[in-house]
Amino acid sequence: MNGTATGLRPYALRCDHRTTPLGIGGRTPFLSWRLAADDDAPRGTAPAAYRVEVTPDDDAHAGWDTGRVEDPEAIGVVYAGPALRPHTRYHWHVTVWTADGAEGRERSWFETGLDAGEWRASWIANDWTAVEVVDPPEEGERALDAHGLLPCPLLRREFSASTTPVRARLYVSARGLYEMRVNGRRVGDGELTPGWTDYRHRVQYQTYDVTALVRAGGNVLAATLADGWWSGYVGFEPRRPGAHYGGFPQFIAQLHLDYADGSSQVIGTDERWRTSDGPIRYADLLMGECHDARRAAGGWDEPGFDDRDWPAARVGDTDTATLVPSVDEPVRALAELSAVAVTRIGPERHIVDFGQNFAGRVRLTVRAPRRGQRIVIRHAETLDDDGGLYTANLRTAAATDTLITDADTVVFEPRFTYHGFRYAEVTGLAELHPGDVTGVVLHSDTPRAGTFDCADPAIRRLHENITWGQRSNFVSVPTDCPQRDERLGWLADAQVFLPTACLGADVAAFFTKWMHDVRDAQGPDGGFSNVAPRLAGVADEGAPGWGDAGVLVPWHLYRVYGDERFLADSLDAMCAWVDFVHRHNPDLVWRHKVGPHFADWLSIGRPTPREVVATAYFAHSAELTARAARVLGGDQADRAERYAALARDVRAVFTARFAGPDGRIEGDTQTAYLLALAFDLLPDDLASRAARRLAALVEEAGPGLTTGFLGVGLIAPVLDRWGRADLVHALLRRTHRPSWLYPLRHGATTIWERWDGYTEEHGFQAPAMNSFNHYALGSIGEWLYQGLAGLDQAPGSVAYRELVVRPRPFDGEPCWAEAAYDSARGRIAVRWRQDDDGFRLDVTVPPGATATVHVAGDDHAAVREGEHPAGESPGVEFVGIETAATGGKTLVYRVESGDYRFFARRTG
Ligand code: RAM
């Protein structure tokens, strides 16, 4: 059979985990696809072979053709053709065949960026000697006097194009932030570009297709710059601007024009650019932005503007060695929130409630302003008892935007700052209508991957809060929190939340970029840091569980996305980290080189002994490093053995040193057991005793939890694995403190940093560390999908090749849950419902995957699948009955790809 009928359709074609990226850097991109079955394809329709063909736009050069490759497991292929040429578009096709020859085909493209040696441009900047430092603060602005911030420079360069180009590409970056315009039109829709990296090692540049913007004759390139992470306030106890990277923003750009006659023209940043300060008097990520509309230079970004008074840009260095193409998608304005309430709290003072804590900014429309009217917007996550903003927990982040109006109606939205907030206070307007304000939600563009829902509205809201925590904190780097003077890429936070993050959104490109940051932050001695990008003075030496993210993150990304490059790119760094820990702790108990040793950060009650936490992570990192080397195989085989042996030895030491014959672990805390069990550190007999002790501790506590950042993500999977899903349900549905649902009683719309961020007895926790938007404790999100809904992959499976569908129904009638997930292989969906009639379970298994499906019940004869008794249904095989430790029984079936509808009638 030939053609496309009853076969498979490749879709979601990606290059390096991005859709049609412009300006990729690597010369061996990963080209991947997902599969969907045609509507009439029979169950079990699976891929047998694929072919990828890559052709350059310019047919003068050779392409690449894999030919037909018999590989039923493939979800992508690493390009291995002739060397890719720079700034060239490549079209690619993937064809997938089923075993009986049906064929599906889809196409996409990618484009390469500049070769490092092709940069002709110089870094340019404003002439800062001519610019005065910003005026002192006025009413409503907090702490601005100490800022020493400079106005945002404008840069422009006119040029002439002989005719309309057939192709125009603009390569742009900044040490700082930039917004680029061509002939008055904004270029791209990225925000806070070029994003945050350790600029000493790596500055990402973005590539734009500006063909439609460049015209024959006069044109202008125009940029606005801001301090951003480069020269603005960064981190806690923020140092004065310039403390980390540089003192003022700088800019680099190169425009490539190709004409129909084969000629081309290149325009880069140089002394021919002119500069001025503009209406943005300052812009800082933490402090806020001040826009003086009276200073707007109308038409400055269009051709013909008279810039004779503008001095020439100052030309800095020509060091382009740190410039690398972006590997992630930028931050974008991805949603808008309307005001749910506007309350007048004083003359010319209103509080706006957006109904949701988020990261972003306010867009404000001011009708009929007076010239020189000053409008100040302050931001906060919550209100104090008097209905005013509660800003103490922002620490030194002023989070204040100011607009000084001209005489025209103005729509104001700051460009180079963002805040973490739900409430905004607007001062300076006699009236404010809900329609005048919009909450603009900003985050790194990570397409949504999973959806989850269930019968319990509180758990549904918990899941929403987790999702908002992810959105608010994936802003160029995975940050701990978006509101206070911190916003750092803390490694443990990212590591514990990663499994949840991967279910919520497609974060493959986002974490590809962050793993560069993590490796850039690794010391020459092999030590990972606590935050990436690394910041001088911020607890450099990686603590146990923090530094280990450098190992755990790539391993998990590989398992989810099936791209071995996650491992290949990190293996040396992983080995160096494990060697570092080993070198300093030759007796295999990790006591030395523990950095600030945060242990099980923010746990409750008795702390977990530090050596227990550390040594558990040592064993786990050694084990995962061994597995990574084993996956890569070839000349990594020796490493695989070496680290596997080390992991065995550390496990043995852990058991000998910390575990008693009764399975008790030193410290006897929930997290001590969780680490030992999650990381498989104990021999089987001790493990089952330890699991019983863990369950007892959870029961004694209420049932309740005492876990901090490191333990919290493990408690549900571990209890469940040891047959105690009942306890997970109890923890999950508990509403008093500490619990996941407790914050909902206080109106939480995001995950709090602490279990007791606000209490009835004491009010707010100490403001020095009390974020209401920290995702770490939201790592329960993983279990909502994998446990409650029952959508998971088997322990050894990669990229969801072998699914395990095992819902964990809770008590209560009716009860149901559902989850869907766009996996690297295709769409997976699970939906179950338990009521008086019985148990229903709908499952979608993507092409090329198989699933083990658990149907609640113990009577195979009472189960139907679709129209048939389950035993006679095509593609369904009965495996047997499984009994959980707590006695619950499930009927186990194996199924191939396709849609299934199981129904187990209630018997007895
Ligand atoms: C806090 C951060 C972060 C945590 C570290 C140890 O300041 O917010 O969440 O990882 O400390």
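The rules we used
Residues numbered from 1 in each chain as written. Predicted model: local features only at pLDDT ≥ 70, side-chain atom pairs only at ≥ 80, totals over all residues. Heavy atoms only, no water. UniProt positions renumbered as here; feature names shortened; annotations may be inferred. Helix = DSSP H or I, 4+ residues; strand = E, 2+ residues; numbered from the N terminus. Salt bridge = Lys/Arg side-chain N within 4 Å of Asp/Glu carboxyl O. Buried < 20%, exposed > 50% of the residue type's maximum accessible area, 1.4 Å probe, protein only. Expected span 1.5 Å × (residues − 1). Polar contact = N/O pair within 3.5 Å; in protein donor to acceptor, adjacent residues only side chain to side chain. Contact = heavy atoms within 4.5 Å. Phe/Tyr/Trp six-rings, centres within 6.5 Å; stacked < 30°, edge-to-face > 60°.

Where an unreviewed UniProt entry is consulted, the chain appears under the name alpha-L-rhamnosidase, with the organism given as Actinoallomurus iriomotensis. UniProt, in its Catalytic activity (unreviewed entry) section for the chain, records the words "Hydrolysis of terminal non-reducing alpha-L-rhamnose residues in alpha-L-rhamnosides."

Undergrad: Help me get a handle on the UniProt feature "domain: Alpha-L-rhamnosidase six-hairpin glycosidase" (unreviewed entry) in the chain, residues and values and all.
TA: As annotated in UniProt, the feature "domain: Alpha-L-rhamnosidase six-hairpin glycosidase" (unreviewed entry) corresponds to residues 448-787 in the numbering used here. In the segment residues 448-787, helix accounts for 53% and strand for 4%; the C-alpha atoms at its two ends are 20 Å apart.

Undergrad: Explain the pattern of salt bridges to me, and be specific about the residues and the numbers.
TA: As enumerated under the stated definition, the model contains 82 salt bridges in all. Taking the shortest distance from any N to any O, the salt bridge between Glu623 and Arg651 comes out at 3.0 Å. Remark: Arg651 occurs in helix α8 (residues 637-658) and Glu623 occurs in helix α7 (residues 610-632); sequence separation between them is 28 residues. For Arg737, the salt bridge identified is with Glu761, shortest N-O distance 3.1 Å. Of this pair, Arg737 sits in the loop between α12 (725-733) and α13 (742-745) while Glu761 sits in the loop between β36 (758-759) and β37 (763-764), and the two are 24 residues apart along the sequence. For Arg737, a relative accessible area of 30% corresponds to the partly exposed category.

Undergrad: Run through helix α3 (residues 491-504), naming residues and quoting values.
TA: One turn of the α-helix equals 3.6 residues, which is why residues spaced by three or four share an orientation. The end-to-end C-alpha distance of α3 is 19 Å, a good match for the 20 Å that 14 residues give at a rise of 1.5 Å each. Burial runs high along α3: 13 of the 14 residues are buried.

Undergrad: Give me the lowdown on the side chain of Glu381, citing residues and values where you can.
TA: Its place among the elements puts Glu381 in the loop between β26 (374-380) and β27 (382-383). Separated by 2.9 Å, the side chains of Glu381 and Asn357 make a polar contact. A polar contact is formed between the side chain of Glu381 and the backbone nitrogen of Asn773, at a distance of 3.5 Å. Leaving out residues up to four positions away in the same chain, Glu381 has contacts with Asn357, Asn393, Gly420, Phe421, Arg422, Tyr423, Gln483, Ser771, Phe772 and Asn773.

Undergrad: Pulling in residues and values, what's your account of the packing of aromatic side chains?
TA: For any pair of aromatic rings, the description consists of the separation of the ring centres together with the inter-plane angle of the planes. Under the definition given, this model contains 46 aromatic pairs. When the ring of Tyr199 is compared with that of Trp230, the centres are 5.7 Å apart and the planes differ by 65°; the resulting orientation is edge-to-face. Of the two residues, Tyr199 sits in the loop between β13 (185-186) and β14 (203-209) while Trp230 sits in helix α1 (residues 228-231), which places them 31 residues apart along the sequence. In this structure, Tyr199 and Trp230 share a single accessibility class: buried. Consider the rings of Phe474 and Phe511, whose centres lie 5.7 Å apart with planes at 80°: the pair is edge-to-face.

Undergrad: So what's going on with unusual backbone geometry? Which residues, and what values?
TA: Following Ala532, the chain continues to Pro533 via a peptide bond in cis, the omega torsion being -5°. The linkage connecting Gly702 with the following residue, Pro703, adopts the cis geometry, with an omega of 5°. Within the secondary structure, Pro703 is located in the loop between α10 (684-700) and α11 (709-721). Of note, the phi angle at His17 is positive, near 70°, even though the residue is not glycine. Among the secondary structure elements, His17 is positioned in the loop between β1 (8-15) and β2 (30-37). Given a relative accessible area of 10%, His17 falls into the buried group. For Ala368, which is not a glycine, the phi torsion comes out positive at approximately 45°. Along the polypeptide, Ala368 turns up in the loop between β25 (349-366) and β26. Residue classification places Ala368 among the exposed residues on the basis of a relative accessible area of 66%.

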